[in-house]
Amino acid sequence: AAGVIQSPRHLIKEKRETATLKCYPIPRHDTVYWYQQGPGQDPQFLISFYEKMQSDKGSIPDRFSAQQFSDYHSELNMSSLELGDSALYFCASSRTGPGQPQHFGDGTRLSIL
Amino acid sequence: GQQVMQIPQYQHVQEGEDFTTYCNSSTTLSNIQWYKQRPGGHPVFLIQLVKSGEVKKQKRLTFQFGEAKKNSSLHITATQTTDVGTYFCAPSDSGYALNFGKGTSLLVTP
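Computed from a predicted model, the values in this text were never measured in an experiment.

> Which parts of the structure should I look at to understand the sheet that holds strand E6 (residues 55-58) of chain B?
Strands in a sheet are paired, the pairing made by backbone hydrogen bonds, and the direction either parallel or antiparallel. Residues and elements named next belong to chain B. Read across the sheet, five strands follow the order E1-E3-E8-E7-E6 without closing on themselves; strand pairing throughout is antiparallel. Unpaired on one side and paired on the other, strand E1 (5-7) and E6 mark the two borders of the sheet. Recorded for the sheet is a direction-independent mean angle of 15° between the axes of neighbouring strands. The sheet contact formed by strand E7 (residues 61-65) and strand E8 (residues 71-76) spans five bridges and is antiparallel. What sits directly across from threonine 62, in E8, is histidine 75.

So, in structure tokens, the structure goes:
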């Protein structure tokens, strides 16, 4: 079965640079979520999209933005990167509705030097 | 979002022993999902609980939702080394985003 595809798997950047993370949801899933997981931490919700519109916002810094495109893939754009942005970034997708299981991608490991 | 506390933070058991992790909230939860994350992996959905007092079983795993819908538990009978990982409980908001607890990391030694 098709899963959530994230790219790149690993990304190394320096402070103040920008980064773009991509997510391709499972076909026919209409909701995409982004989560950030620091080392030894639980995943923290950043932002979500339903049918290409932002549906919910969590602890996403103002330096980050995201969007969902017509083909339902989503991109997380990160600017003015800081050391503290080093983390694993997960994208998840689901059908919309209460209690729908979220299917996570393998994540993008972002390291800021 | 709805916040939950998970205990214990870590648990180390011998293979064959039982394991339980608890998830507690100060507010009534509409639903709660459980996820497992293997070391180096991504969270994987295990179950969703919605009804007060609900009990669901998946082989050696038993999930419970409290009568007041403020707590939940996951019990694993006769742990195996394949059970190693971090178990998260996660209620979802009205927007369906998950509010993960801190998780319980389970280590099983043979």
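The discussion continues.
> Would you explain the state of the cysteines in this entry?
The term disulfide refers to a covalent linkage connecting the sulfur atoms of a pair of cysteines. In this structure the tally under the stated criterion is two disulfides over all chains. Note that cysteine 23 of chain A is cross-linked by a disulfide to cysteine 91 of chain A, the S-S spacing being 1.8 Å. Taking the sign of the S-S torsion, about -55° here, the bridge from cysteine 23 of chain A to cysteine 91 of chain A comes out left-handed. Of this pair, cysteine 23 of chain A sits in strand E3 (residues 19-24) while cysteine 91 of chain A sits in strand E9 (residues 87-94), and the two are 68 residues apart along the sequence. In this structure, cysteine 23 of chain A and cysteine 91 of chain A share a single accessibility class: buried. Disulfide pairing places cysteine 23 of chain B opposite cysteine 89 of chain B at an S-S distance of 2.0 Å. On the S-S bond that ties cysteine 23 of chain B to cysteine 89 of chain B, the torsion sits near 75°, and the link is right-handed. Of this pair, cysteine 23 of chain B sits in strand E3 (residues 19-24) while cysteine 89 of chain B sits in strand E9 (residues 85-90); the two residues are 66 residues apart in sequence, bridging distant segments of the chain.

> When you look at the interface of chain B and chain A in this model, what are you seeing that I'm missing?
It is common to give the size of an interface as the accessible area that goes away when the parts come together. Each partner contributes to the interface: chain B provides 16 residues, whereas chain A provides 19 residues. Sorting the residues of chain B by area buried against chain A places His42, Tyr96 and Phe100 of chain B first, and these three jointly supply 34% of that buried surface. Linking chain B to chain A there are one salt bridge. In this structure, aspartate 42 of chain A engages lysine 102 of chain B in a salt bridge whose closest nitrogen and oxygen atoms are separated by 3.2 Å. Between chain B and chain A we count six residue pairs in polar contact (both at pLDDT 80 or more) in total. Where the side of chain B that touches chain A is concerned, the elements lending two or more residues are strand E4 (32-37) and strand E5 (44-49) of chain B. Per element, the largest residue contribution to the side of chain B that touches chain A is three residues, and it comes from E4 of chain B. Residue composition of the side of chain B that touches chain A, grouped by class: eight nonpolar, seven polar and one charged.

> I would appreciate a short explanation of the environment of histidine 29 of chain A in the present structure.
Residues and elements named next belong to chain A. If you trace the backbone, histidine 29 turns up in the loop between E3 and strand E4 (31-37). Here the alpha-carbon distance between histidine 29 and proline 8, two residues 21 residues apart in the chain, equals 21 Å. Excluding its chain neighbours within four sequence positions, the residues that come into contact with histidine 29 are Tyr72, Ser93, Ser94, Arg95 and His103. A polar contact is formed between the side chain of histidine 29 and the backbone nitrogen of serine 94, at a distance of 3.3 Å.

Criteria and cut-off values
Here, residues in each chain are numbered from 1, in the same order as that chain's written sequence. Chains carry letters from A onward and ligands carry numbers from 1 onward, assigned in written order. Given that this is a predicted model, residues contribute local features only at a pLDDT of at least 70 and side-chain atom pairs are listed and counted only at 80 or more, while totals for whole chains, interfaces and linings are drawn from all residues. By convention in this description, side-chain values take in all heavy atoms of the structure and omit both hydrogens and water. Here, a strand pair is defined by DSSP locating no fewer than two bridges between the strands. Counting from the N terminus, the helices are DSSP H or I runs at least four residues long and the strands are E runs at least two residues long. Angles here are taken between N-to-C directions and fall from 0 to 180 degrees, while the axes themselves are lines fitted to C-alpha atoms, restricted in helices to the stretch in contact. The disulfide criterion is simple: two cysteine sulfur atoms within 2.5 Å. The classification of residues rests on relative accessible area computed with a 1.4 Å probe and restricted to protein chains. Under 20% of the type maximum is buried, over 50% is exposed, and intermediate values are partly exposed. Should any heavy atoms of two residues lie within 4.5 Å, those residues are considered in contact. When two parts are put together, the accessible area they lose, computed with a 1.4 Å probe and summed over both, is reported as buried area. Salt bridges are identified by distance alone: a Lys or Arg side-chain nitrogen within 4 Å of an Asp or Glu carboxyl oxygen. Here a polar contact is taken to be a pair of N or O atoms separated by no more than 3.5 Å, where protein atoms must pair a possible hydrogen donor with a possible acceptor and residues adjacent in sequence count only if both atoms sit in side chains. Here the term charged refers only to Asp, Glu, Lys and Arg, the term nonpolar to Ala, Val, Leu, Ile, Met, Phe, Trp, Tyr, Cys and Pro, and the term polar to all other amino acids, Gly among them.

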